[in-house]
Amino acid sequence: MTELVWITLVLPLIGVAVLAILGMKLPPRAAGWFASLIMLAAFACAAIATAILATRPAEERQVVQVAWTWLSAGNFSVGLDLWFDELTAVMLLVITGVGFLIHVYSIGYMKDDPQSRRFMAYLNLFVFSMLVLVLSANLVLLLAGWGLVGLSSYLLIGFWHNKPKAIKAAKKAFIMNAIGDVGLALGIFLLFVDLGTVSYTGIFAEAGRLSETQASVACLLLLVGAVAKSAQLPLHTWLPDAMEGPTPISALIHAATMVTAGVYLIARMNPLFIHAPKVLDLIVIIGVVGLIMSGLIAIVQTDIKRIIAFSTMSQIAYMFVGVGLTAYWAGIFHLFTHAFFKALLFLGAGLVIHALNGEQDIRNMGGLRKQLPKIYFCMMIAAFALAGIFPFSGGFSKDAILSAGLNVDTTIGWIAYIGGLLGALLTGIYTFRLIFMVFHRRASPYAERVIPESIKHHGEGPSTMLWPVYILAIGAAFAGLLQIPGLTHVVTSWLEPIAPDGMVEATVGQDWLTTLIGTTIGLIGIGIAYHLYARESTSPELIRNGRGRLIHRALERRLYWDDLYEWSFEKPVQWASSFLNRDVDRTAFRWAPLDGLGQLTAFFGRSFAIIENGIVRMYALVLALGIAGMILFLLVRGA
Amino acid sequence: MITVSWLIAVPAIASVLLLLLPFSQRAAGYLSLLVSLAVAGGVIGFIYRFEPLGGDQFGDNVAWITQLGIRWHVAVNGVTLAMIAITAVITCCAIGYGMWARRERSHASFALILMTEAFLIIVFSARDLVVFYVGFEGMLIPLLVLLAAWGGKGRKTAMIQVIAYTAMGTLLMLLAIAWLGFTAPGGPNFDLYGAIGRGNDWVFAAFAFALAIKSPLFPFHGWVLPAYREASPEVAAVLSGVASKAGGYAFLAVLVPLFPEQSAKYAWIFIALGAFGFLYGALLAFRQPDGRGVIAYSSIAQMSFVILGVFLLNSRGATGATFQMVNHALVSGALFLLAGWLETQAGSGSFKHLGGLARSRPVLATVALIVGMAALAVPGSSVFASEFLILLGSFEVHWWLGVIVTLGIVLGAMYMLRWISAVLHEREGDFVGTLNPPDLRRGALLCILPLALILVGLSIAPAQFTDRVDAAATTMISAAAKEAGR
């Protein structure tokens, strides 16, 4: 079984190597299929390995294998260690499975791009990095994977590198994630100093030795890494800008896999976080505030991909709430269903953008349900799943998180519950605002002009782009059935062993009550969206300039977070750098010592006029004196 | 058995022959390359035969100037091995690059580079203080001539600055060494191991001053920018890649073992300067107008960081500092050669005129990205591994020290990303548009690619490096660490 896991890890790396060396010689389509088949093989290996894992008894499902020492100094040593358990298996399946579908989709999406082979190589590189992240058995290797996914994300956001906006977004994502890396690294240092180990096994066994303060600080530092990678408050501003990258990237990296790494980290380190209850509460608060804030911002966005990006932030915030409430299974369950419906939403949006020749503003869409019925159908499934409507997948997983809050029955639990329901209302509104404005309403003049031509050329899209969407639609519709309250328990029973200290599970009654309330609220949200955005008598401009226009403007500016960072970090660093370069370094450190030296030599009566001569001569003099001294000494000694 | 003396003698003799005999351009180039490759081969042999726990190996210890008790005592331990290995690699690449760039009067240029290599290996392997001084001072001569004869427009000023700074330092170091040697019990004796613990605060200060200038450690970095900007690319690569390591190496392998008491007592000064210099250099690199400026200030930052690592006086710091020096040599060597390539092919190193070079130049883009990403220590890279060790060591000394220097990583990311996008990405620069440089090809690629490949190799298995170096590096700081109570 471990061999299969190794193969899963190595396959994408082989893909990168082959595409890097042979890339230019392969025809683009062959390169695309090659990369995709690599992913299919990796998925097959992961699936078989998971099946084998499932046949084992629960207590033997945690496999650790040490390959070689990666880095060592003194008593510090980090191995290239592999960790395979139930949680890793879920992540592995999501990464390789959704990864495969998005590789196939990319063949169609990038077919006219001369750089498509480079794109495929980067995609394989990303998958490899993500696998390192989830397969690592120690925090340092996790950090390595953490950094490598950041690198792949940077390369892919900035894939169209002659687009200055894309490069700017890529740099922003990288730097915000570097801040997260710093937090994570400091957390690792602290754990090593306190516990003398960085391996999961070691940390989990020794975590009890930490005082609550020590555990809290360590968890807080890990959390800095988690919020940066998962685009949560307050390090979230890079994600909407990351939408400058190609759409398959938004689906794979910025929705289904990489951005959920923060959730994975918290769930993975749960034996440590359990010793820091205040940090767990903080995670819930971050989640609740984040899901409401990004839900609100999503309502006013006009770029189709940015709406979905804010929705991703909001949904990951739900996952944070789940893991923060120690309902790890619910957080991971939502991660799992979200991977389907959010990837589906992005890929669907990609098809819409494709059909509209690259237009992304939803105000220039409208009425597309007639021309793009298949896409419309799939997008509707994704929208219902996102809005958490029973019995679509997102409904089950989101309600699982909320009912955990009900079950906990503390202040934090109630904050989570009520905040989560409010979020469900917002989700209904922004999701169906998108649906109504893109597919319903009257077609915009632009859409009317472009669509018939585009349909004539390639229908709703090439089959490489449509098939992944269909498969994801099946997942988005039915993945929730794995865990029907009171009926099926696949998720809870599978993930139970990853939390040795237990996890929160709501009662069947609480679950069904939440499902009832959640679905009702979601439907109310859809109703509001219909009222505001579906009818021809209202228009986005009217709402924008209506009674809440000040709030509307503030939300359009994303509540000024970007401005905050620009003025508190970006600009000060630039000013400081310019100031030091212009006024300090040149005068104080480059010329002042020389002037001083020049005056010193002048003092000794040597050529006053030109400093330069003074120095050269002094140098010669010193050398000469040194040699003369030596010779003198030799002569004296020798005599 | 080949000893390290051979690795000194071969390039030294070759350099003299190249200077004296009338070789043609071509013959001089190939001969120099062959000699530098031979040295590299010798180093590979050392790596293969090296015993990590064996202490000094492959050495010679013979009387040299008996009246003064000066002995030709050279040897190789783990840290030395690391240093001569990068010296050999960077020299090969520098000579290769010089051939590609068709340096005029190339036989003299290559002779001087080989002479520098010989002196550098002397510095790294010397176990006698006078031998060390000969190497330390001697390497300046070929480097200054290289700067003076093949440098850019501002080379005169650059030279004066280099001479002024380094002369100040080495004068003091000479006095310090003389003091140590002549106060030895039982007549003059300059043996490195014999001088341990005999110095006082003043001797320590004089020594440290010279090394701080060479490295350079903030605030003694004034000579760096002009020198790195005016030297020809291959000389800049040697200067920043390996010549600067003479300072960092000597801190770890000479100063700290010689003065354990003083090193422990004054460690905080070096830690403070190192940490400050790390952030200061990074901050200055961020707004430089050209590639060489970015590399120069990032070198200041990196070397300050190395010295911080040395004076942490723990195993993480010492091993990390050695590793960081190797990584930095590879990174800055590659970056300077790339800068040189840009200056010849795209006509400028200034960001104003560059940009958009990734377009239809896949090889250049890949190599520059690998080097750039290593330079900003992306987690998983070998630079990350070495920085991680130093940062962990800092954290073990004081948690707040760890926090401060770890934040420097963000600044590092900022200036390297700026370099990458200003060269490779965004809109095509005006010079790029008019000159339309080709992709990185054969000659130049062969000089830069090995450096990138070694970086990749070290990223895959950094323990291959640290395992060989850890014992030696830890021994060097152990006495001082005991003094400091670590």
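Residues numbered from 1 in each chain as written. Chains lettered and ligands numbered in written order. Predicted model: local features only at pLDDT ≥ 70, side-chain atom pairs only at ≥ 80, totals over all residues. Heavy atoms only, no water.

**Things to note about the pairing of strand 2 (residues 70-76) of chain B**
Part 1 of the reasoning: Buried residues dominate strand 2 of chain B, accounting for 6 of its 7 residues.
Part 2 of the reasoning: Counted along the chain from strand 1 (residues 57-65) of chain B to the antiparallel partner strand 2 of chain B, the turn is 4 residues long, and its residue Gly69 of chain B has a positive phi close to 70°. (Buried < 20%, exposed > 50% of the residue type's maximum accessible area, 1.4 Å probe, protein only. Helix = DSSP H or I, 4+ residues; strand = E, 2+ residues; numbered from the N terminus. Pairing = 2+ DSSP bridges.)

**Some details on the interface of chain A and chain B**
Part 1 of the reasoning: Taken residue by residue, the interface counts 61 residues in chain A and 76 residues in chain B.
Part 2 of the reasoning: Taken together, chain A and chain B are joined by 0 salt bridges.
Part 3 of the reasoning: On the surface where chain A and chain B come into contact, there are 13 residue pairs in polar contact (both at pLDDT 80 or more).
Part 4 of the reasoning: Counting residues per element, the ones that place at least two in the side of chain A that touches chain B are strand 1 (63-73), helix 5 (139-157), helix 6 (164-195), helix 26 (561-603) and helix 27 (611-638) of chain A.
Part 5 of the reasoning: It is helix 26 of chain A that provides the largest number of residues to the side of chain A that touches chain B, a total of 16 residues.
Part 6 of the reasoning: Tallied by class, residues from the side of chain A that touches chain B come to 43 nonpolar, 12 polar and 6 charged. (Contact = heavy atoms within 4.5 Å. Salt bridge = Lys/Arg side-chain N within 4 Å of Asp/Glu carboxyl O. Polar contact = N/O pair within 3.5 Å; in protein donor to acceptor, adjacent residues only side chain to side chain. Nonpolar A, V, L, I, M, F, W, Y, C, P; charged D, E, K, R; others polar.)

**Description of the pairing of strand 1 of chain A**
All names here are of chain A.
Part 1 of the reasoning: As judged from the 8 bridges shared by strand 1 and strand 2 (residues 76-84), these two strands associate in the antiparallel manner. Opposite Val63, over in strand 2, you have Phe84 as the bridge partner.
Part 2 of the reasoning: Connecting strand 1 to the next strand, strand 2, in antiparallel fashion are 2 residues, including Gly74 with a positive phi near 60°.

**So, the confidence of the model for chain A**
Part 1 of the reasoning: Confidence in the prediction for chain A averages 85 pLDDT; 92% of positions are at 70 or higher.
Part 2 of the reasoning: Within the model, the stretch residues 606-612 of chain A combines pLDDT values under 50 with 11 contacts to residues more than four positions away or in other chains. (pLDDT = per-residue confidence, 0-100.)

**Some words on helix 20 (residues 445-458) of chain A**
Residues and elements named next belong to chain A.
Part 1 of the reasoning: Over its 14 residues, helix 20 runs 21 Å from end to end, which matches the ideal 20 Å to within 8%, given 1.5 Å per residue.
Part 2 of the reasoning: Within helix 20, the axis deviates most sharply at Ile451, by approximately 30°, and proline Pro452 lies no more than four positions further along.
Part 3 of the reasoning: Taken as a whole, helix 20 has its buried residues at Tyr446, Ala447, Val450, Ile451 and Ser454.
Part 4 of the reasoning: In this structure, the buried side of helix 20 is in contact with helix 15 (328-355) and helix 16 (368-371).
Part 5 of the reasoning: Following helix 20 by one or two positions, Gly459 has its phi on the positive side, about 60°. (Expected span 1.5 Å × (residues − 1). Bend = angle between axes of the 7 residues up to and from the residue.)

**Considering helix 18 (residues 393-408) of chain A**
Residues and elements named next belong to chain A.
Part 1 of the reasoning: With 16 residues, helix 18 ought to run about 22 Å at 1.5 Å a step, and its terminal C-alpha atoms sit 23 Å apart, in line with that.
Part 2 of the reasoning: The element helix 18 is extensively covered by neighbouring structure, given that 14 of its 16 residues are classed as buried.
Part 3 of the reasoning: Taken from the residues just after helix 18, Asp409 is the one with a positive phi, measuring 60°.

**Section: the pattern of salt bridges**
Residue and element names in this part refer to chain A.
Part 1 of the reasoning: What the rule picks out here adds up to 22 salt bridges over all chains.
Part 2 of the reasoning: The salt bridge involving Lys172 is made with Asp562; its shortest N-O contact spans 2.6 Å. Placement of the pair is Lys172 in helix 6 and Asp562 in helix 26, with a sequence separation of 390 residues.
Part 3 of the reasoning: Lys278 is the salt-bridge partner of Glu212, the closest N and O atoms lying 3.5 Å from each other. Linking Glu212 in helix 8 (residues 212-229) with Lys278 in helix 13 (residues 277-300), this pair joins segments that are 66 residues apart in sequence.
Part 4 of the reasoning: With a relative accessible area of 39%, Glu212 lands in the partly exposed category.
Part 5 of the reasoning: Where salt bridges share partners, they join Lys163, Lys165, Lys172, Asp241, Glu244, Arg306, Arg558 and Asp562 into one cluster.

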